[in-house]
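Observations on chain architecture
What follows is the residue order along each chain.
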Amino acid sequence: MASTRDLELLIPVSSISENGCSKSSSTSSSPGAFSKVIRSWASKKFMTGCVILLPIAITFYVTWGFITFVDGFFSPIYNHLGINIFGFGFITSITFIFLVGIFMSSWLGASVLTLGEWFIKKMPLVSYIYAASKQISAAISPDQSSNAFKEVAIIRHPRVGEYALGFITSSVILQRNRDEEELFCVYIPTNHLYLGDIFLISPNDILRPNLSVREGIEIVISGGMSIPQILTTVDAQAKLPTRKPSFATSQVK
């Protein structure tokens, strides 16, 4: 048989308080429950701190890296002159970019740029890199007349019931025998904004949300986090005239 000591270890024994009332030994487990509550509370507060500090840290890190990168263009010149003040290179770079924007907006600057592009296009490999880079920069250019992305578009892709957000870049006429049909070239980004697929789609199969090109770019870059909760389509004829009547205004859910 088991000894009395073994039974006391297996069976909780109630203790008698000073006033004669019995106190269950289950209260001995209260420190363990209290420690669990403390650990859960500390874990939640720690995760809350991480959620708050993570975007701040990323923003600071990216901003600092950008400043350091831009500062590196002209800082070697200041270091050679004996001026070792951090930030002078960054200010000089920003000023230089601003002056280039002013100069290129003039007739003389446009002529110099045209001449420079002519030389670049004569180079076998560099011409392709420059052309691709120019199309990407033209997509976010403040000059609306030169935007590569004409309008934000929503198409039914890749299967029924799913939609993809893209940008209308141009239009093309498809000729078949005696018939011809106008198709819109829709660019669907698949890797942020720089890589994607191109679709030729009928205007009747394109939904045009009430989003500007800049808002569409922000949605793509943010991974869809900045998309509005409600998207409504607009009249297609108000922006891009087509040869076929556009669909009626509807709501995308």
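Quick summary incoming for the structure in this document. (Residues numbered from 1 in each chain as written. Predicted model: local features only at pLDDT ≥ 70, side-chain atom pairs only at ≥ 80, totals over all residues. Heavy atoms only, no water.)

**Some thoughts on the pairing of strand S3 (residues 151-156)**
S3 sits mainly inside the fold: five of its six residues count as buried. When S3 meets strand S4 (residues 163-176), the two strands line up antiparallel, connected through six bridges. Note that in S4 the partner of arginine 156 across the bridge is tyrosine 163. (Buried < 20%, exposed > 50% of the residue type's maximum accessible area, 1.4 Å probe, protein only. Helix = DSSP H or I, 4+ residues; strand = E, 2+ residues; numbered from the N terminus. Pairing = 2+ DSSP bridges.)

**Details of helix H6 (residues 213-221)**
Buried residues of H6: Val213, Gly216, Ile217, Ile219 and Val220, and no others. Along H6, the residues classed as buried sweep out an arc of 160 degrees about the axis, all on the same side. In H6, those exposed residues whose orientation departs by more than 90 degrees from the buried face are Arg214 and Ile221. After H6 finishes, the residue glycine 223 shows a positive phi value of roughly 70 degrees. (Arc of directions from axis to C-beta.)

**Description of unusual backbone geometry**
Positive phi outside glycine occurs at asparagine 177, with the angle close to 55 degrees. Secondary-structure assignment places asparagine 177 in the loop between S4 and strand S5 (179-191). For asparagine 177, a relative accessible area of 85% translates into the label exposed.

**Structural notes on the environment of cysteine 185**
Within the secondary structure layout, cysteine 185 lies in strand S5. Since its relative accessible area comes to 13%, cysteine 185 is described here as buried. For the pair cysteine 185 and isoleucine 201, spaced 16 residues apart in sequence, the C-alpha separation works out to 6.6 Å. The contact partners of cysteine 185, leaving out residues within four places of it in the chain, are Phe167, Ile168, Thr169, Ser170, Ser171, Ile198, Phe199 and Leu200. (Contact = heavy atoms within 4.5 Å.)

**Focus on the pattern of salt bridges**
Evaluated as defined, the whole model comprises two salt bridges. Glutamate 151 serves as the salt-bridge partner of arginine 208, at 3.4 Å between the closest nitrogen and oxygen. With a gap of 57 residues between them, arginine 208 in the loop between strand S6 (195-201) and H6 and glutamate 151 in strand S3 connect regions that are remote in the sequence. Across the pair, exposure class does not vary: arginine 208 and glutamate 151 are buried alike. Taking the shortest distance from any N to any O, the salt bridge between glutamate 181 and arginine 176 comes out at 3.2 Å. With relative accessibility at 14%, the residue glutamate 181 sits in the buried group. (Salt bridge = Lys/Arg side-chain N within 4 Å of Asp/Glu carboxyl O.)

**Thoughts on a nonpolar patch on the surface**
Together, Ile94, Phe96, Ile97, Val100, Phe103, Met104, Trp107, Leu108, Val112 and Leu113 line one region of the surface with nonpolar side chains, adding up to about 940 Å² of accessible area. Going through the elements one at a time, helix H3 (88-104) and helix H4 (107-121) are the ones with two or more residues in the nonpolar patch. For the nonpolar patch, the element with the highest residue contribution is H3, accounting for six residues. As for its position among the elements, methionine 104 is in helix H3. Overall, methionine 104 belongs to the partly exposed group, its relative accessible area being 32%. (Patch = residues over 30% accessible without salt bridge, like charges linked within 9 Å, V, L, I, M, F, W, Y side chains within 5 Å. Areas by Shrake-Rupley, 256 points an atom, 1.4 Å probe, with all protein chains shown as cover.)

**So, the sheet that holds S6**
To summarise the sheet geometry, strands pair through backbone hydrogen bonds and adopt either a parallel or an antiparallel arrangement. Pairing is antiparallel in the open sheet, where four strands are placed in the order S3-S4-S5-S6. Since the sheet does not close on itself, it has two edges, and those belong to S3 and S6, each with one partner. Ignoring which end each strand starts from, the neighbouring axes of this sheet average 45 degrees apart. Helix-sheet contacts for H6 involve S3, S4 and S5, and the interaxial angle to S4 is about 120 degrees. (Axes fitted to C-alpha atoms, helices over the stretch in contact; angles between N-to-C directions.)

**Quick look at the nonpolar core**
In this structure, Phe149, Val152, Ile154, Leu165, Phe167, Leu211 and Ile217 are the most contacted members of the largest nonpolar core, which totals 13 residues. Where this core is concerned, the elements lending two or more residues are S3, S4 and H6. Among the elements that make up this core, the one with the highest residue count is H6 (four residues). (Core = buried A, V, L, I, M, F, W, Y, C linked by side-chain atoms within 4.5 Å.)

Any link to function would need more than the numbers given here.
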